[in-house]
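Chain by chain, the residues run as shown.
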Amino acid sequence: MSIRTTPRLRIWDLPTRLFHWLLTLCTIALIVTAQIGGNAMEWHLRLGHAVLALLLFRIIWGFSGGYWSRFTTFIPSPARLVRYLKGQGTPADNAGHNPLGALSVIAMLLILGMQVGTGLVSDDEIAFAGSLVRYVSGETIAWASIWHKGWGQWLVYAILGLHIAALVFYRVVKRKPLVAAMLHGDKLNQPQDVPASRDGWAAVLPAFLFAAACAVMAYWVWTRAAF
């Protein structure tokens, strides 16, 4: 019995796509400015607060965004993960993030969140200090500084490398253009019973309000360094 499919199905709503590419650009810029050092660290600090705003937005959007962007949809249960690993995944397991992809997304958000958090309370004792160093102890500052420049940085490289390798694997081996779907938002030939994500103004307007609130919060954190 053949499964009826739909030619195109909206999976990634516009706010999710914008978040993805803005986070990608900011993360690359953070890596570059960290390697350059010197005056580039001023931009490193600004970009860190931009990523803070993006991560705050993604948390909110994980509860109120399009169907496939919600945590309740893409974070796999143990049973779903085992089923997928056994090769018994359903069409819904591959519509948005598959279970393994979902775990990598969560890992990336946690690692970037840890980097931003430690960056805010880091101090190189030369010319750079995070916005919130005055709120924590010297021991915390020392630990955060070591983590931010050491293990935290290598974990970012590792998760980015894993992410890129997975994209290449799916494009070359499985012939699934995941990058294209994150550009235009649609996946092709999905079963008709797979739900579409809400998009259009119904998604963009609340996302804009959430993003503005998150930007204000990140800016407020940035201004703490001035006091």
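This structure is a prediction, so every number in the text was calculated from the model and none was measured.

Undergrad: Help me understand the overall build of the chain, please; the structure alone is not making it clear to me.
TA: In terms of regular secondary structure, the chain is built from 10 helices and two strands. Taken from the N to the C terminus, the helices and strands of the chain come in the order β-α-α-α-α-α-α-α-α-α-β-α. Expressed as lengths along the three principal axes of its C-alpha atoms, the size of the chain is roughly 70 × 35 × 30 Å. For the chain, with 227 residues in total, the buried portion stands at 40%. Look at the contacts in the chain between residues 6 or more apart in sequence, and 71% of them connect residues 24 or more apart. Each charge class in the chain was averaged separately, 19 positive and 10 negative side chains, and the resulting centres sit 13 Å apart.

Undergrad: What is the right way to look at the packing of helix α4 (residues 78–85) against helix α6 (residues 99–120) in this model?
TA: Each pair of packed helices gets described by two things: the angle between the helix axes and the distance between those axes. Where α4 meets α6, the axes come as close as 9 Å, and the angle between the chain directions of the two elements is 125°. Classed by the angle they form, the pair α4 and α6 counts as oblique. Of the residues in α6, those in contact with Arg-80, Leu-81, Tyr-84 and Leu-85 of α4 are Pro-99, Leu-100 and Leu-103. Of the residues belonging to the contact of α4 with α6, the class tally is six nonpolar, no polar and one charged.

Undergrad: What should I look at first to understand the side chain of His-44 in this one?
TA: Position of His-44 relative to the elements: it lies in helix α2 (residues 40–64). One polar contact links His-44 to Thr-33, side chain to side chain, over a distance of 3.0 Å. Not counting the four nearest positions on each side in its chain, His-44 is found in contact with Leu-30, Thr-33, Ala-34 and His-148.

Undergrad: Would you explain the side chain of Thr-118 in this entry?
TA: Mapped onto the fold, Thr-118 is located in helix α6. We classify Thr-118 as buried; its relative accessible area is 4%. The residues touching Thr-118, leaving out its near neighbours within four places in the chain, are Trp-143, Ala-144, Trp-147 and His-148.

Undergrad: What is the right way to read the environment of Tyr-157 from this model?
TA: With respect to the helices and strands, the residue Tyr-157 is situated in helix α8 (residues 151–172). We classify Tyr-157 as partly exposed; its relative accessible area is 27%. For the pair Tyr-157 and Leu-55, spaced 102 residues apart in sequence, the C-alpha separation works out to 18 Å. Apart from the residues within four sequence positions on either side, Tyr-157 is in contact with Ile-31 and Gln-35.

Undergrad: What is the right way to read the packing of aromatic side chains from this model?
TA: This model, assessed by the stated rule, comprises nine aromatic pairs. Between Trp-154 and Tyr-157, the aromatic rings sit 5.4 Å apart at their centres with planes inclined by 85°, giving edge-to-face as the arrangement. Of this pair, Trp-154 and Tyr-157 both sit in helix α8, three residues apart, which is roughly one turn of that helix. Overall, the relative accessible area of 58% leaves Trp-154 in the exposed class. Stacked on the ring of Trp-43, the Lys or Arg Arg-46 has its end atom at 4.8 Å from the ring centre.

Parameters at a glance
- Residues numbered from 1 in each chain as written.
- Predicted model: local features only at pLDDT ≥ 70, side-chain atom pairs only at ≥ 80, totals over all residues.
- Heavy atoms only, no water.
- Helix = DSSP H or I, 4+ residues; strand = E, 2+ residues; numbered from the N terminus.
- Buried < 20%, exposed > 50% of the residue type's maximum accessible area, 1.4 Å probe, protein only.
- Contact = heavy atoms within 4.5 Å.
- Lys, Arg positive; Asp, Glu negative; His and termini not counted.
- Charge placed at Lys NZ, Arg CZ, Asp CG, Glu CD.
- Axes fitted to C-alpha atoms, helices over the stretch in contact; angles between N-to-C directions.
- Parallel < 35°, antiparallel > 145°, perpendicular 65-115°, else oblique.
- Nonpolar A, V, L, I, M, F, W, Y, C, P; charged D, E, K, R; others polar.
- Polar contact = N/O pair within 3.5 Å; in protein donor to acceptor, adjacent residues only side chain to side chain.
- Phe/Tyr/Trp six-rings, centres within 6.5 Å; stacked < 30°, edge-to-face > 60°.
- Lys NZ or Arg CZ within 6 Å of the ring centre and 35° of its normal.

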